[in-house]
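# Architecture and fold: a report
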Amino acid sequence: MLALTLYNFFLLLGTRDVTYLWYVMSMLSVSFVVMSFHGILAQYVWPEQPQFNNPVLVTAISSTIVAASLFAYTFLDLKRFSWLIRGAILGLSGCGALVFILNFFLPYEITIKLAAFFSVTGAAIGILTGCYLWYRGEILARFYTIAWFLLLSGSVTISFSHIGWLPSVMIFDYGQQIGAAAEGLLLSFALAYRMNMEKRARYEVQAELLNVQREANVELEARVRERTAELARANDKLLTMSLTDGLTKVSNRKFFDQRLLEEWKKGGRQTEMLSLIMIDGDHFKNINDNYGHLCGDAILKHMATLFQSSLCRSGDVVARYGGEEFAVILSNTDVQGAAIVAERMRKKVMGTPLSWEGKVIPVTISAGVAGLIPDMENDLNSLIHAADQALYKAKESGRNCVVVSSAENCGKEIVVRHGV
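Residues numbered from 1 in each chain as written. Predicted model: local features only at pLDDT ≥ 70, side-chain atom pairs only at ≥ 80, totals over all residues. Heavy atoms only, no water.

## Remarks on the environment of Thr333
We count it as follows: Strands here are runs of E lasting at least two residues and helices are runs of H or I lasting at least four, both read from the DSSP assignment and numbered beginning at the N terminus. To sort residues, take the accessible area from a 1.4 Å probe on protein chains only and compare it with the maximum for the residue type: under 20% means buried, over 50% means exposed, and anything in between is partly exposed. Whenever two N or O atoms come within 3.5 Å, that pair is a polar contact, provided that in protein one can donate a hydrogen and the other can accept it, and provided that, for residues adjacent in sequence, both atoms are side-chain atoms.
Along the chain, Thr333 turns up in the loop between strand E3 (325-330) and helix H13 (335-350). Classification of Thr333 as buried rests on a relative accessible area of 12%. A distance of 2.9 Å separates a polar atom in the side chain of Thr333 from the backbone oxygen of Ser331.

## Details of unusual backbone geometry
Even without being a glycine, His283 presents a positive backbone phi close to 55°. Relative to the helices and strands, His283 resides in the loop between strand E1 (274-281) and helix H11 (284-291). Its relative accessible area of 45% is what places His283 among the partly exposed residues. For Asn400, which is not glycine, the phi dihedral falls at a positive 50°. You can see Asn400 is positioned in the loop between helix H14 (380-396) and strand E7 (401-405). Overall, the relative accessible area of 17% leaves Asn400 in the buried class.

## Section: the environment of Asn53
Examined against the element boundaries, Asn53 turns out to sit in helix H4 (residues 53-75). The spatial distance from the C-alpha of Asn53 to the C-alpha of Leu41 is 7.7 Å, given a sequence separation of 12 residues.

## With respect to the confidence of the model for the protein chain
Note the threshold: The pLDDT score gives, residue by residue, the confidence of the prediction method on a 0 to 100 scale. Residue contacts are defined here by distance: any two heavy atoms, one from each residue, within 4.5 Å place the two residues in contact.
When pLDDT is averaged along the protein chain, the result is 79, and 79% of the positions lie at 70 or above. Taken element by element, the protein chain is modelled with least confidence in strand E8 (residues 414-418), mean pLDDT 55, and with most confidence in E3, mean pLDDT 94. Contacts for the low-pLDDT stretch residues 407-413, under 50 throughout, to residues beyond four places or in other chains number 14 contacts.

## Side note on the nonpolar core
For soluble globular proteins, the rule of thumb is that nonpolar side chains tend to be buried together. Note the threshold: Take the buried residues of types Ala, Val, Leu, Ile, Met, Phe, Trp, Tyr and Cys, join any two whose side-chain atoms come within 4.5 Å, and each joined set is a nonpolar core.
One finds Ile277, Ile279, Ile299, Met303 and Phe307 to be the most contacted residues of the largest nonpolar core, which totals 35 residues. Mapped onto this core, the elements with two or more residues apiece are E1, H11, helix H12 (293-310), E3, H13, strand E4 (354-356), strand E6 (365-372) and E7. Examining the composition of this core, we find that eight residues originate from one element, H12, more than from any other. With residues up to four places along the chain from it excluded, the contact list for Ile277 reads Phe326, Ala327, Val328, Leu330, Ala338, Val341, Ala342, Ala367, Gly368 and Val369. Counting residues in hydrophobic clusters, the runner-up holds 19 residues, among them Leu276, Val317, Ala327 and Leu383.

## Side note on the packing of aromatic side chains
Formally: Planes of paired rings set the category: under 30 degrees apart is stacked, over 60 is edge-to-face and the rest tilted, where pairs are Phe, Tyr or Trp rings (Trp by its six-membered ring) whose centres lie within 6.5 Å.
According to the stated counting rule, one finds three aromatic pairs in the structure shown. Arranged with centres 5.2 Å apart and planes meeting at 90°, the rings of Phe256 and Tyr321 form a pair that is edge-to-face. Separated by 65 residues along the polypeptide, Phe256 in helix H10 (residues 253-270) and Tyr321 in strand E2 (residues 317-322) bring together distant segments of the chain. A single burial state applies to Phe256 and to Tyr321, both of which are buried. Geometrically, the ring pair formed by Phe307 and Phe326 is edge-to-face, given 5.3 Å between the ring centres and 75° between the ring planes. With Phe307 in helix H12 and Phe326 in strand E3, this pair connects stretches of sequence that are 19 residues apart. Each member of the pair, Phe307 as well as Phe326, is classed as buried.

And the structure:
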C-alpha cells in the first residue's frame, strides 16, 4: 500500500491532477488505520506513549472518510450528476472533517463511535453510488465499486473471524490488509485507465481540431468572398442612405447634383435634350402655421409619393431640392414631354388631398419646366436657372400651374399653362 501511495504521489507531481492528491491521502489514511488496528504503530512508532493509539486511530479513520469521499467526487466526476449524489458524497466528507475536529475535544468513546458510524454509512453510500453509475454505463464506476467491495469484504471477514463467526485462517485474519491492498491496486489501475481515457480524448479533440482547421482553410476563401460581398452590400446601403432624403425617401440634393451632372455629360455625347422640372408646394408656410410642422412633413411625403408614381421610366429621378421644393430630371426628353409630365403631377397632387387627423387638406403645386441640349454653348447652370425662372413665373401667375421655358431661348420666352 505504501508503494502504491508513493507511485501515485509521483503521478500527482507529474500530472497536477487533484484526483491523485485525494487518492494518495486516502491510501495513507487507510494504511494508518490498518497499522493502528494491528498495533504496528504502538509497537514501533510510539511504544512509550500508548495514549496516542486511540486518537491516532480516530484521526486516521476520519481522514480516510474525507479523502475517500473527495476522491470519489473527483474520480467519478460527480459534478455532472444530480445534486442528491453530489450532496451525499460532499456531505460525507464534511462529516469526516467534523469527526476529525471533535477528536481533539471529545472522549475516545464518543469519537470512535462517530467514526465507525460514518465509516459504515460512507461505505454504503460509496457502494450505492458506484452501483448506480455502473448501471448508467460509467466505466470508471466499475473499478470504483469493485475496489470498495474488496476493502469492505476484507474488513467484514476480519471482524467475523475475531468474533468466531469465521474460522481463524490467514485469509480471514488478514482480510483487512488483503482488501485494502487489493483496493489500492485496483484503484491504481483505474487511475491509469482514466489517464489513458483522457489521453485518447485529447488525441480525438486534437484530430477533430486539425480536421476543423483543414475545413476552415478550404472554406476560408469562400467566406472571405462572402464577407467582401456583405461589406460591399453594406457600403452600397450606406451610400444609398447618404443619397436619400430622410423624410420623403426620395433622392436628396446631393444625389440630384451628381445625377444631373452625369446626365448632362451623357447628353452632350448623344446630342439629346435634357429636361428639368422644378416643383414647389403652394402656400406651404400657411399649412405649417395652421396645421403644424408634422402636417407639413406629412404633405411633403405625400407629394413625394405622388411625384414618384407619376414617372413612367426607371431612369427618371425625383429629388427633394430643399424645403418644400422638389426637382425632376428627365433624360432624353424635350420640353413638351417634360411639360406633360409636370402637368400630370400637378393634376395628381390637386386631385389627391391629404387626410390629416380627420381633416382633408387640399394641396397644389407650381412647376417650372426647362430643357436644353448639352453642348459647348450651354452649361448646366443655364438649365437650372431656366427651370428656376419658370417656377418663379408660375408663382407669379397665381400658383397651381405649370410654366414652360422655351427650349430654344432658355430663360427668355415663357409659356404659361394654367391649371384647370
